[in-house]
Amino acid sequence: MFKKILVIFLILASLEMFSFIFIPESVLKVLTLAGVIVIALVIVLQLIYSPAEHFVLNFKWEILLILVAVFTSMFMANSTYNQSFGTTLIAQRFMYYYLIYYMLHLIKIPEYELEKIILAFGVVYAAFYFIQFFAYPTRIFDVRISQERGSLRIFQAGLTYLIFAYFMMLNKLFKKFSLLHLAIILLLLSTVFLMATRQLIMSILLVSLINILLSKQIKSKVLIIILLAAAVIPVVIIAQDVIESMVLLTQKQSKNIHENIRVLAAGFFLTDFFPNNLAYITGNGADSSNSSYGIIIQSYKDIYGFYQSDIGIIGDFSKFGLFFLIGVTMILVKALKSKMTGKLPYIKYSFIMIIMLSFTGGGFFGNSSDTIVSICLILYIIDVKKFRNENKPDDSTTMETEPEDNLLVAEQSSEITTEPLV
(Lines give C-alpha, C1' and ligand atoms only; values in the text may rest on other atoms or scores of the structure.)
Protein backbone atom coordinates (compact mmCIF):
# COMPACT_ATOMS: atom_id res chain seq x y z
CA MET A 1 0.00 0.00 0.00
CA PHE A 2 2.83 2.40 0.87
CA LYS A 3 4.38 1.87 -2.56
CA LYS A 4 1.11 2.77 -4.30
CA ILE A 5 0.66 5.88 -2.16
CA LEU A 6 4.25 6.91 -2.89
CA VAL A 7 3.82 6.54 -6.66
CA ILE A 8 0.46 8.34 -6.64
CA PHE A 9 1.99 11.23 -4.67
CA LEU A 10 4.87 11.52 -7.14
CA ILE A 11 2.48 11.47 -10.10
CA LEU A 12 0.39 14.22 -8.50
CA ALA A 13 3.57 16.21 -7.78
CA SER A 14 4.66 15.86 -11.41
CA LEU A 15 1.17 16.95 -12.52
CA GLU A 16 1.30 19.87 -10.08
CA MET A 17 -1.97 18.55 -8.61
CA PHE A 18 -3.63 19.26 -11.98
CA SER A 19 -3.11 22.97 -11.16
CA PHE A 20 -6.33 23.50 -9.22
CA ILE A 21 -7.11 27.21 -9.12
CA PHE A 22 -7.30 27.33 -5.32
CA ILE A 23 -3.70 26.09 -4.91
CA PRO A 24 -1.14 28.95 -5.13
CA GLU A 25 1.43 28.65 -7.91
CA SER A 26 4.27 28.95 -5.39
CA VAL A 27 2.93 25.90 -3.53
CA LEU A 28 2.75 23.89 -6.75
CA LYS A 29 6.36 24.74 -7.61
CA VAL A 30 7.47 23.66 -4.15
CA LEU A 31 5.45 20.45 -4.55
CA THR A 32 7.18 19.67 -7.86
CA LEU A 33 10.58 20.15 -6.26
CA ALA A 34 9.48 18.12 -3.23
CA GLY A 35 8.66 15.23 -5.57
CA VAL A 36 12.24 15.19 -6.84
CA ILE A 37 13.59 15.30 -3.27
CA VAL A 38 11.36 12.38 -2.27
CA ILE A 39 12.58 10.32 -5.24
CA ALA A 40 16.22 11.02 -4.40
CA LEU A 41 15.63 10.27 -0.71
CA VAL A 42 13.93 6.93 -1.45
CA ILE A 43 16.79 5.93 -3.76
CA VAL A 44 19.40 6.72 -1.10
CA LEU A 45 17.50 4.91 1.66
CA GLN A 46 16.89 1.87 -0.51
CA LEU A 47 20.54 1.66 -1.49
CA ILE A 48 21.60 1.87 2.15
CA TYR A 49 19.05 -0.35 3.89
CA SER A 50 17.76 -2.75 1.22
CA PRO A 51 19.52 -5.56 -0.67
CA ALA A 52 20.95 -4.47 -4.01
CA GLU A 53 18.64 -6.84 -5.89
CA HIS A 54 16.33 -5.62 -8.61
CA PHE A 55 15.05 -6.32 -12.07
CA VAL A 56 17.33 -5.70 -15.02
CA LEU A 57 17.23 -2.03 -16.03
CA ASN A 58 16.96 -2.24 -19.80
CA PHE A 59 16.84 1.55 -20.24
CA LYS A 60 19.36 2.63 -17.60
CA TRP A 61 22.03 3.91 -20.01
CA GLU A 62 19.53 5.79 -22.17
CA ILE A 63 18.09 7.63 -19.18
CA LEU A 64 21.58 8.26 -17.82
CA LEU A 65 22.50 9.82 -21.18
CA ILE A 66 19.48 12.15 -20.91
CA LEU A 67 20.54 13.16 -17.40
CA VAL A 68 24.07 13.83 -18.69
CA ALA A 69 22.53 16.08 -21.36
CA VAL A 70 20.64 17.96 -18.64
CA PHE A 71 23.93 18.49 -16.78
CA THR A 72 25.98 19.65 -19.81
CA SER A 73 23.26 22.08 -20.93
CA MET A 74 23.80 24.08 -17.73
CA PHE A 75 27.25 25.20 -18.92
CA MET A 76 25.97 26.70 -22.18
CA ALA A 77 23.17 28.51 -20.34
CA ASN A 78 25.85 29.99 -18.07
CA SER A 79 28.53 30.86 -20.62
CA THR A 80 26.24 32.20 -23.37
CA TYR A 81 23.28 33.66 -21.49
CA ASN A 82 24.91 34.33 -18.12
CA GLN A 83 22.27 32.28 -16.30
CA SER A 84 23.71 31.00 -13.03
CA PHE A 85 24.07 27.27 -12.38
CA GLY A 86 21.74 27.52 -9.40
CA THR A 87 19.02 29.18 -11.49
CA THR A 88 19.33 26.56 -14.24
CA LEU A 89 19.33 23.81 -11.65
CA ILE A 90 15.89 24.95 -10.46
CA ALA A 91 14.59 25.76 -13.94
CA GLN A 92 15.15 22.22 -15.18
CA ARG A 93 13.77 20.49 -12.07
CA PHE A 94 11.15 18.66 -14.14
CA MET A 95 13.94 16.68 -15.84
CA TYR A 96 15.05 15.15 -12.54
CA TYR A 97 11.86 13.08 -12.53
CA TYR A 98 13.72 10.62 -14.77
CA LEU A 99 15.18 9.35 -11.49
CA ILE A 100 11.81 7.72 -10.75
CA TYR A 101 12.79 4.95 -13.18
CA TYR A 102 15.66 3.92 -10.88
CA MET A 103 13.48 4.37 -7.80
CA LEU A 104 10.81 2.00 -9.13
CA HIS A 105 13.40 -0.71 -9.61
CA LEU A 106 14.52 -0.33 -6.01
CA ILE A 107 11.07 -0.40 -4.39
CA LYS A 108 9.90 -3.14 -6.80
CA ILE A 109 6.25 -2.20 -7.02
CA PRO A 110 4.14 -4.76 -8.95
CA GLU A 111 3.65 -3.69 -12.54
CA TYR A 112 -0.08 -4.48 -12.53
CA GLU A 113 -0.52 -1.88 -9.78
CA LEU A 114 1.13 0.69 -12.03
CA GLU A 115 -1.16 -0.26 -14.90
CA LYS A 116 -4.18 0.35 -12.69
CA ILE A 117 -2.77 3.70 -11.59
CA ILE A 118 -2.08 4.75 -15.19
CA LEU A 119 -5.62 3.79 -16.18
CA ALA A 120 -7.07 5.69 -13.23
CA PHE A 121 -5.14 8.87 -14.05
CA GLY A 122 -6.18 8.61 -17.71
CA VAL A 123 -9.84 8.51 -16.69
CA VAL A 124 -9.36 11.32 -14.13
CA TYR A 125 -7.65 13.46 -16.79
CA ALA A 126 -10.65 12.99 -19.13
CA ALA A 127 -13.15 13.67 -16.34
CA PHE A 128 -11.38 16.87 -15.29
CA TYR A 129 -11.23 17.99 -18.92
CA PHE A 130 -15.01 17.58 -19.28
CA ILE A 131 -15.66 19.33 -15.97
CA GLN A 132 -13.57 22.35 -16.94
CA PHE A 133 -15.03 22.36 -20.47
CA PHE A 134 -18.62 22.64 -19.27
CA ALA A 135 -17.82 24.84 -16.25
CA TYR A 136 -16.13 27.54 -18.38
CA PRO A 137 -15.93 30.56 -18.00
CA THR A 138 -15.62 29.51 -14.37
CA ARG A 139 -12.04 28.36 -13.95
CA ILE A 140 -11.40 25.23 -11.91
CA PHE A 141 -7.82 24.71 -13.06
CA ASP A 142 -5.12 27.35 -13.48
CA VAL A 143 -4.15 26.27 -16.99
CA ARG A 144 -4.11 27.90 -20.42
CA ILE A 145 -7.62 27.97 -21.92
CA SER A 146 -8.42 29.44 -25.33
CA GLN A 147 -11.46 29.58 -27.59
CA GLU A 148 -10.41 28.64 -31.11
CA ARG A 149 -11.20 26.18 -33.91
CA GLY A 150 -14.86 26.20 -32.90
CA SER A 151 -14.09 24.76 -29.51
CA LEU A 152 -12.72 25.48 -26.07
CA ARG A 153 -9.12 24.28 -25.89
CA ILE A 154 -7.80 23.37 -22.45
CA PHE A 155 -4.07 22.78 -22.08
CA GLN A 156 -4.08 20.47 -19.10
CA ALA A 157 -1.19 18.29 -17.92
CA GLY A 158 -1.58 14.51 -18.09
CA LEU A 159 -2.25 13.76 -21.78
CA THR A 160 0.11 10.75 -21.85
CA TYR A 161 -1.98 9.00 -19.19
CA LEU A 162 -5.00 9.35 -21.49
CA ILE A 163 -3.03 7.87 -24.41
CA PHE A 164 -1.75 4.88 -22.43
CA ALA A 165 -5.16 4.31 -20.82
CA TYR A 166 -6.94 4.47 -24.18
CA PHE A 167 -4.79 1.81 -25.85
CA MET A 168 -4.81 -0.26 -22.68
CA MET A 169 -8.62 -0.39 -22.73
CA LEU A 170 -8.78 -0.84 -26.51
CA ASN A 171 -6.68 -3.99 -26.31
CA LYS A 172 -8.63 -5.23 -23.30
CA LEU A 173 -11.73 -4.85 -25.45
CA PHE A 174 -10.12 -7.01 -28.14
CA LYS A 175 -9.59 -9.82 -25.63
CA LYS A 176 -13.07 -9.67 -24.14
CA PHE A 177 -15.92 -7.35 -24.96
CA SER A 178 -17.07 -5.28 -22.01
CA LEU A 179 -19.47 -2.34 -21.81
CA LEU A 180 -17.26 -0.81 -19.11
CA HIS A 181 -14.21 -0.94 -21.36
CA LEU A 182 -16.21 0.52 -24.25
CA ALA A 183 -17.54 3.31 -22.03
CA ILE A 184 -14.00 4.23 -20.90
CA ILE A 185 -12.79 4.20 -24.51
CA LEU A 186 -15.60 6.56 -25.55
CA LEU A 187 -14.87 8.89 -22.64
CA LEU A 188 -11.19 9.10 -23.57
CA LEU A 189 -11.89 9.43 -27.30
CA SER A 190 -14.49 12.14 -26.69
CA THR A 191 -11.90 14.10 -24.74
CA VAL A 192 -9.48 13.87 -27.67
CA PHE A 193 -12.11 15.32 -30.02
CA LEU A 194 -12.90 18.13 -27.60
CA MET A 195 -9.23 19.14 -27.64
CA ALA A 196 -9.63 20.14 -31.32
CA THR A 197 -6.02 19.22 -32.08
CA ARG A 198 -5.76 17.89 -35.61
CA GLN A 199 -2.54 15.92 -35.13
CA LEU A 200 -3.86 14.28 -31.97
CA ILE A 201 -7.23 13.30 -33.47
CA MET A 202 -5.79 11.95 -36.73
CA SER A 203 -2.98 10.13 -34.93
CA ILE A 204 -5.24 8.34 -32.45
CA LEU A 205 -7.69 7.30 -35.18
CA LEU A 206 -4.93 6.09 -37.52
CA VAL A 207 -3.02 4.20 -34.84
CA SER A 208 -6.26 2.66 -33.55
CA LEU A 209 -7.05 1.39 -37.05
CA ILE A 210 -3.55 -0.08 -37.38
CA ASN A 211 -3.93 -1.68 -33.97
CA ILE A 212 -7.21 -3.31 -35.03
CA LEU A 213 -5.90 -4.56 -38.36
CA LEU A 214 -2.70 -6.03 -36.94
CA SER A 215 -4.14 -7.46 -33.73
CA LYS A 216 -4.03 -11.24 -33.48
CA GLN A 217 -6.52 -11.28 -30.62
CA ILE A 218 -9.54 -10.18 -32.64
CA LYS A 219 -11.62 -12.95 -34.16
CA SER A 220 -13.67 -10.62 -36.35
CA LYS A 221 -11.83 -7.43 -37.28
CA VAL A 222 -14.72 -6.27 -39.46
CA LEU A 223 -17.14 -6.56 -36.53
CA ILE A 224 -14.79 -4.62 -34.20
CA ILE A 225 -14.34 -1.85 -36.80
CA ILE A 226 -18.12 -1.61 -37.26
CA LEU A 227 -18.72 -1.49 -33.50
CA LEU A 228 -16.04 1.17 -32.94
CA ALA A 229 -17.27 3.19 -35.92
CA ALA A 230 -20.81 3.03 -34.58
CA ALA A 231 -19.57 4.15 -31.18
CA VAL A 232 -17.52 7.01 -32.64
CA ILE A 233 -20.34 8.39 -34.80
CA PRO A 234 -22.12 10.12 -31.86
CA VAL A 235 -18.79 11.63 -30.82
CA VAL A 236 -18.24 12.97 -34.35
CA ILE A 237 -21.76 14.40 -34.51
CA ILE A 238 -21.30 16.19 -31.19
CA ALA A 239 -17.92 17.56 -32.29
CA GLN A 240 -19.09 18.45 -35.82
CA ASP A 241 -18.44 22.18 -35.44
CA VAL A 242 -14.99 21.47 -34.07
CA ILE A 243 -14.14 19.19 -37.00
CA GLU A 244 -15.41 21.70 -39.59
CA SER A 245 -13.31 24.46 -38.00
CA MET A 246 -10.22 22.26 -38.11
CA VAL A 247 -10.80 21.39 -41.77
CA LEU A 248 -11.11 25.07 -42.70
CA LEU A 249 -7.98 25.90 -40.71
CA THR A 250 -6.06 23.08 -42.42
CA GLN A 251 -7.10 24.33 -45.87
CA LYS A 252 -6.04 27.85 -45.00
CA GLN A 253 -2.66 26.80 -43.58
CA SER A 254 -1.90 24.44 -46.48
CA LYS A 255 -1.89 27.43 -48.84
CA ASN A 256 0.68 29.22 -46.68
CA ILE A 257 2.79 26.33 -45.40
CA HIS A 258 5.98 28.39 -45.41
CA GLU A 259 4.29 30.99 -43.22
CA ASN A 260 3.08 28.42 -40.68
CA ILE A 261 4.28 29.66 -37.30
CA ARG A 262 5.47 26.20 -36.22
CA VAL A 263 7.55 25.77 -39.36
CA LEU A 264 9.14 29.18 -38.79
CA ALA A 265 9.72 28.43 -35.09
CA ALA A 266 11.32 25.06 -35.88
CA GLY A 267 13.65 26.69 -38.40
CA PHE A 268 14.61 29.40 -35.94
CA PHE A 269 15.31 27.09 -33.00
CA LEU A 270 17.36 24.76 -35.23
CA THR A 271 19.55 27.51 -36.69
CA ASP A 272 19.67 31.10 -35.44
CA PHE A 273 18.98 30.16 -31.84
CA PHE A 274 22.25 28.22 -31.43
CA PRO A 275 25.15 30.55 -30.55
CA ASN A 276 27.84 28.10 -31.75
CA ASN A 277 28.39 24.53 -32.96
CA LEU A 278 29.19 23.26 -29.47
CA ALA A 279 25.66 24.17 -28.38
CA TYR A 280 24.28 21.52 -30.73
CA ILE A 281 26.00 18.94 -28.52
CA THR A 282 25.38 20.45 -25.09
CA GLY A 283 22.09 22.22 -25.76
CA ASN A 284 21.33 25.75 -24.59
CA GLY A 285 19.79 24.78 -21.26
CA ALA A 286 16.38 25.38 -19.69
CA ASP A 287 15.55 29.05 -19.22
CA SER A 288 14.23 30.73 -16.11
CA SER A 289 11.94 33.74 -15.98
CA ASN A 290 14.21 35.09 -13.25
CA SER A 291 17.19 35.51 -15.61
CA SER A 292 18.09 37.47 -18.73
CA TYR A 293 17.98 34.17 -20.64
CA GLY A 294 14.32 33.78 -19.70
CA ILE A 295 13.60 37.34 -20.81
CA ILE A 296 15.14 36.57 -24.22
CA ILE A 297 13.03 33.42 -24.61
CA GLN A 298 9.92 35.36 -23.61
CA SER A 299 10.69 38.03 -26.22
CA TYR A 300 10.72 35.33 -28.92
CA LYS A 301 7.24 34.35 -27.79
CA ASP A 302 5.86 37.89 -27.57
CA ILE A 303 7.43 39.33 -30.74
CA TYR A 304 7.57 36.37 -33.13
CA GLY A 305 5.19 33.85 -31.57
CA PHE A 306 8.00 31.29 -31.38
CA TYR A 307 7.43 28.75 -28.60
CA GLN A 308 9.79 25.84 -27.93
CA SER A 309 6.79 24.02 -26.50
CA ASP A 310 5.04 24.21 -29.91
CA ILE A 311 7.66 22.23 -31.84
CA GLY A 312 7.97 19.07 -29.79
CA ILE A 313 11.28 17.29 -29.71
CA ILE A 314 12.92 20.07 -31.74
CA GLY A 315 12.26 22.46 -28.88
CA ASP A 316 13.61 19.92 -26.40
CA PHE A 317 16.71 19.43 -28.56
CA SER A 318 17.34 23.18 -28.53
CA LYS A 319 17.43 22.99 -24.73
CA PHE A 320 19.31 19.76 -24.07
CA GLY A 321 21.27 19.00 -27.23
CA LEU A 322 22.61 15.90 -28.97
CA PHE A 323 23.01 13.61 -25.94
CA PHE A 324 19.35 14.11 -25.11
CA LEU A 325 18.27 13.35 -28.68
CA ILE A 326 20.36 10.17 -28.79
CA GLY A 327 18.98 9.01 -25.45
CA VAL A 328 15.36 9.55 -26.50
CA THR A 329 15.91 7.83 -29.87
CA MET A 330 17.51 4.83 -28.17
CA ILE A 331 14.58 4.52 -25.75
CA LEU A 332 12.02 4.57 -28.55
CA VAL A 333 13.95 2.13 -30.75
CA LYS A 334 14.64 -0.29 -27.91
CA ALA A 335 11.06 -0.14 -26.63
CA LEU A 336 9.55 -0.79 -30.06
CA LYS A 337 12.04 -3.52 -30.99
CA SER A 338 11.62 -5.36 -27.69
CA LYS A 339 9.82 -8.71 -28.04
CA MET A 340 8.16 -7.93 -24.73
CA THR A 341 6.60 -4.75 -26.15
CA GLY A 342 5.10 -6.89 -28.90
CA LYS A 343 3.25 -8.78 -26.19
CA LEU A 344 2.11 -5.49 -24.68
CA PRO A 345 0.31 -3.91 -27.65
CA TYR A 346 -1.03 -0.98 -25.64
CA ILE A 347 2.57 0.12 -24.98
CA LYS A 348 3.65 -0.48 -28.56
CA TYR A 349 0.87 1.60 -30.11
CA SER A 350 1.09 4.30 -27.45
CA PHE A 351 4.76 4.80 -28.31
CA ILE A 352 3.95 4.88 -32.03
CA MET A 353 1.46 7.64 -31.33
CA ILE A 354 3.97 9.51 -29.17
CA ILE A 355 6.43 9.43 -32.08
CA MET A 356 3.76 10.81 -34.42
CA LEU A 357 3.08 13.67 -32.01
CA SER A 358 6.73 14.38 -31.20
CA PHE A 359 7.11 17.29 -33.62
CA THR A 360 4.06 19.27 -32.55
CA GLY A 361 3.06 20.55 -29.15
CA GLY A 362 5.11 20.01 -26.03
CA GLY A 363 7.80 17.33 -26.26
CA PHE A 364 7.08 14.14 -24.37
CA PHE A 365 10.64 13.59 -23.15
CA GLY A 366 11.91 17.04 -22.25
CA ASN A 367 9.12 19.50 -21.66
CA SER A 368 7.21 18.58 -18.49
CA SER A 369 7.51 16.30 -15.48
CA ASP A 370 4.11 14.62 -15.96
CA THR A 371 5.02 13.10 -19.34
CA ILE A 372 8.45 12.05 -18.07
CA VAL A 373 6.96 10.21 -15.09
CA SER A 374 4.34 8.41 -17.20
CA ILE A 375 6.96 7.25 -19.70
CA CYS A 376 9.26 6.04 -16.91
CA LEU A 377 6.37 4.03 -15.43
CA ILE A 378 5.89 2.34 -18.80
CA LEU A 379 9.61 1.60 -19.19
CA TYR A 380 9.59 -0.04 -15.76
CA ILE A 381 6.55 -2.13 -16.75
CA ILE A 382 8.43 -3.33 -19.86
CA ASP A 383 11.39 -4.33 -17.67
CA VAL A 384 9.27 -6.29 -15.20
CA LYS A 385 7.18 -8.03 -17.87
CA LYS A 386 10.35 -8.99 -19.71
CA PHE A 387 11.88 -10.38 -16.52
CA ARG A 388 8.78 -12.43 -15.73
CA ASN A 389 8.69 -13.77 -19.28
CA GLU A 390 12.33 -14.87 -19.12
CA ASN A 391 11.97 -16.76 -15.84
CA LYS A 392 10.16 -19.98 -15.10
CA PRO A 393 6.88 -19.67 -13.20
CA ASP A 394 8.00 -22.12 -10.53
CA ASP A 395 10.90 -19.93 -9.34
CA SER A 396 10.75 -18.39 -5.87
CA THR A 397 8.66 -15.25 -5.58
CA THR A 398 9.87 -11.91 -4.26
CA MET A 399 7.08 -9.63 -5.49
CA GLU A 400 3.34 -9.68 -4.93
CA THR A 401 1.22 -11.14 -7.73
CA GLU A 402 -2.38 -10.53 -8.68
CA PRO A 403 -5.14 -13.09 -9.33
CA GLU A 404 -6.05 -13.97 -12.92
CA ASP A 405 -9.51 -12.42 -12.78
CA ASN A 406 -8.38 -8.93 -11.83
CA LEU A 407 -8.63 -5.99 -14.26
CA LEU A 408 -5.08 -6.26 -15.58
CA VAL A 409 -3.63 -9.76 -15.37
CA ALA A 410 -0.32 -10.11 -13.59
CA GLU A 411 2.03 -12.88 -14.57
CA GLN A 412 3.78 -15.11 -12.08
CA SER A 413 6.70 -13.34 -10.41
CA SER A 414 10.12 -14.88 -9.92
CA GLU A 415 13.40 -14.27 -8.15
CA ILE A 416 15.03 -10.94 -8.83
CA THR A 417 18.49 -10.89 -10.33
CA THR A 418 21.26 -8.57 -9.32
CA GLU A 419 22.68 -5.88 -11.57
CA PRO A 420 24.31 -2.54 -10.74
CA LEU A 421 22.14 0.55 -11.04
CA VAL A 422 24.63 2.30 -13.30
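Every value quoted in this text rests on a predicted model; they were computed, and no experiment measured them.

J.: Give me the overall build of the chain: which residues, what numbers.
T.: Per the secondary structure count, the chain includes 18 helices and three strands. Long-range contacts, defined here as pairs at least 24 residues apart, represent 77% of the contacts in the chain between residues at least 6 apart. When the accessible surface of the chain is split by element, carbon and sulfur atoms take 66% of a total near 19200 Å².

J.: Can you tell me about the confidence of the model for the chain, naming the residues and giving the values?
T.: Confidence along the chain averages 83 in pLDDT terms, with 80% of residues attaining 70 or more. A low-confidence stretch, residues 395-401 (pLDDT under 50), is modelled with 29 contacts involving residues beyond four sequence positions or located in other chains. Confidence drops under pLDDT 50 across residues 403-422; counting only partners more than four residues distant or on other chains, this segment forms 71 contacts.

J.: With reference to specific residues and values, describe the packing of helix α7 (residues 159-175) against helix α9 (residues 198-214).
T.: Working note: a packed helix pair is described by the angle between its axes plus the distance between those axes. Packing of α7 against α9 brings their axes to within 11 Å, and their N-to-C directions diverge by 25°. When the axes of α7 and α9 are compared, the pair comes out roughly parallel. The element α7 and its partner α9 pack so that their crossing is right-handed. Between α7 and α9, the residues in contact are Leu159, Tyr166, Phe167, Leu170, Asn171 and Phe174 and Leu200, Ile204, Val207, Ser208, Asn211 and Ile212, respectively. Its residues assigned to classes, the contact of α7 with α9 shows nine nonpolar, three polar and no charged.

J.: Hey, could you go over the nonpolar core for me, with residue numbers and the actual values?
T.: In this structure, Met103, Leu104, Phe167, Phe351 and Phe365 are the most contacted members of the largest nonpolar core, which totals 109 residues. Listed in part, the 13 residues of the second largest apolar core include Ala265, Tyr293, Phe306 and Ile314.

J.: An account of the pattern of salt bridges is requested, with residue identities and associated values reported.
T.: According to the stated counting rule, one finds five salt bridges in the structure shown. Here Glu113 and Lys4 are joined by a salt bridge, their closest N and O atoms 3.6 Å apart. With a gap of 109 residues between them, Glu113 in helix α6 (residues 111-135) and Lys4 in helix α1 (residues 2-14) connect regions that are remote in the sequence. Between Arg388 and Glu111 there is a salt bridge; the shortest N-O distance is 2.8 Å. With Arg388 in helix α18 (residues 369-390) and Glu111 in helix α6, this residue pair connects regions lying 277 residues apart in the sequence. Each member of the pair, Arg388 as well as Glu111, carries the same accessibility label: buried. Linked through salt bridges whose partners overlap, the residues forming this network are Glu111, Lys385 and Arg388.

J.: Go over helix α3 (residues 60-81) with me, naming the residues and quoting the values.
T.: In this model, α3 (22 residues) spans 32 Å end to end at C-alpha, consistent with the 32 Å of a helix rising 1.5 Å per residue. Positive phi shows up at Asn82, right after α3, with a value of about 60°.

J.: An account of the environment of Phe320 is requested, with residue identities and associated values reported.
T.: Mapped onto the secondary structure, Phe320 falls in helix α15 (residues 312-337). Sequence separation between Phe320 and Gly285 is 35 residues, and the spatial gap between their C-alpha atoms is 5.8 Å. Sequence-distant contacts of Phe320, that is, excluding residues within four places in its chain, are made with Ala69, Val70, Ser73, Gln92, Phe94, Met95, Ile281, Thr282, Gly283, Ala286 and Gly366.

J.: Go over the packing of aromatic side chains with me, naming the residues and quoting the values.
T.: Tallying each qualifying case throughout the model produces 32 aromatic pairs. Ring geometry for Tyr101 and Tyr102: centres 5.7 Å apart, planes at 75°, overall edge-to-face. Take Tyr101 and Tyr102: they sit in the same class, and that class is buried. Arranged with centres 6.4 Å apart and planes meeting at 80°, the rings of Phe269 and Tyr300 form a pair that is edge-to-face. Pair noted here: Phe269 is in helix α12 (residues 261-270) and Tyr300 is in helix α14 (residues 292-304), with a separation of 31 residues, a long-range link. An identical accessibility class is assigned to Phe269 and Tyr300; each is buried. One aromatic cluster in this structure is built from Tyr81, Phe268, Phe269, Phe273, Phe274, Tyr280, Tyr293, Tyr300, Tyr304, Phe306 and Phe317. Seen from the ring of Phe155, Arg144 lies directly overhead, with NZ or CZ sitting 4.1 Å from the centre. Over the ring of Phe59 we find Lys334; its NZ or CZ atom is 5.9 Å from the centre of that ring.

J.: Got a sec to walk through unusual backbone geometry? Specific residues and values, please.
T.: For the peptide bond that leads from Tyr136 to Pro137, omega is 15°, which places it in the cis range. Checked against the element boundaries, Pro137 lands in the loop between α6 and β1 (144-148). Phi at Phe18 takes a positive value of approximately 60°, unusual for a residue other than glycine. Its identity is not glycine, yet Ser19 carries a phi of approximately 60°, on the positive side. Relative to the assigned elements, Ser19 resides in the loop between α1 and α2 (25-49).

J.: Describe the side chain of Arg93, listing the residues and the values that go with them.
T.: Mapped onto the elements, Arg93 comes out in the loop between α4 (85-91) and α5 (100-107). It turns out Arg93 is buried and unbridged, and the closest side chain with the opposite charge, Glu16, is 5.0 Å from it. When residues no more than four places from it in sequence are discounted, the contact partners of Arg93 are Lys29, Thr32, Leu33 and Val36.

J.: So what's going on with a nonpolar patch on the surface? Residues and values would help.
T.: A contiguous nonpolar patch, built from Leu206, Leu209, Ile210, Leu213, Leu214 and Met356 and spanning about 510 Å² of accessible area, is present on the exposed surface. If you tally residues by element for the nonpolar patch, the top one is α9, at five residues. One can find Leu206 in helix α9.

About the cut-offs
- Residues numbered from 1 in each chain as written.
- Predicted model: local features only at pLDDT ≥ 70, side-chain atom pairs only at ≥ 80, totals over all residues.
- Heavy atoms only, no water.
- Helix = DSSP H or I, 4+ residues; strand = E, 2+ residues; numbered from the N terminus.
- Contact = heavy atoms within 4.5 Å.
- Areas by Shrake-Rupley, 256 points an atom, 1.4 Å probe, with all protein chains shown as cover.
- pLDDT = per-residue confidence, 0-100.
- Axes fitted to C-alpha atoms, helices over the stretch in contact; angles between N-to-C directions.
- Parallel < 35°, antiparallel > 145°, perpendicular 65-115°, else oblique.
- Left-handed = near helix turned anticlockwise from the far one by under 90°.
- Nonpolar A, V, L, I, M, F, W, Y, C, P; charged D, E, K, R; others polar.
- Core = buried A, V, L, I, M, F, W, Y, C linked by side-chain atoms within 4.5 Å.
- Buried < 20%, exposed > 50% of the residue type's maximum accessible area, 1.4 Å probe, protein only.
- Salt bridge = Lys/Arg side-chain N within 4 Å of Asp/Glu carboxyl O.
- Expected span 1.5 Å × (residues − 1).
- Phe/Tyr/Trp six-rings, centres within 6.5 Å; stacked < 30°, edge-to-face > 60°.
- Lys NZ or Arg CZ within 6 Å of the ring centre and 35° of its normal.
- Lys, Arg positive; Asp, Glu negative; His and termini not counted.
- Patch = residues over 30% accessible without salt bridge, like charges linked within 9 Å, V, L, I, M, F, W, Y side chains within 5 Å.

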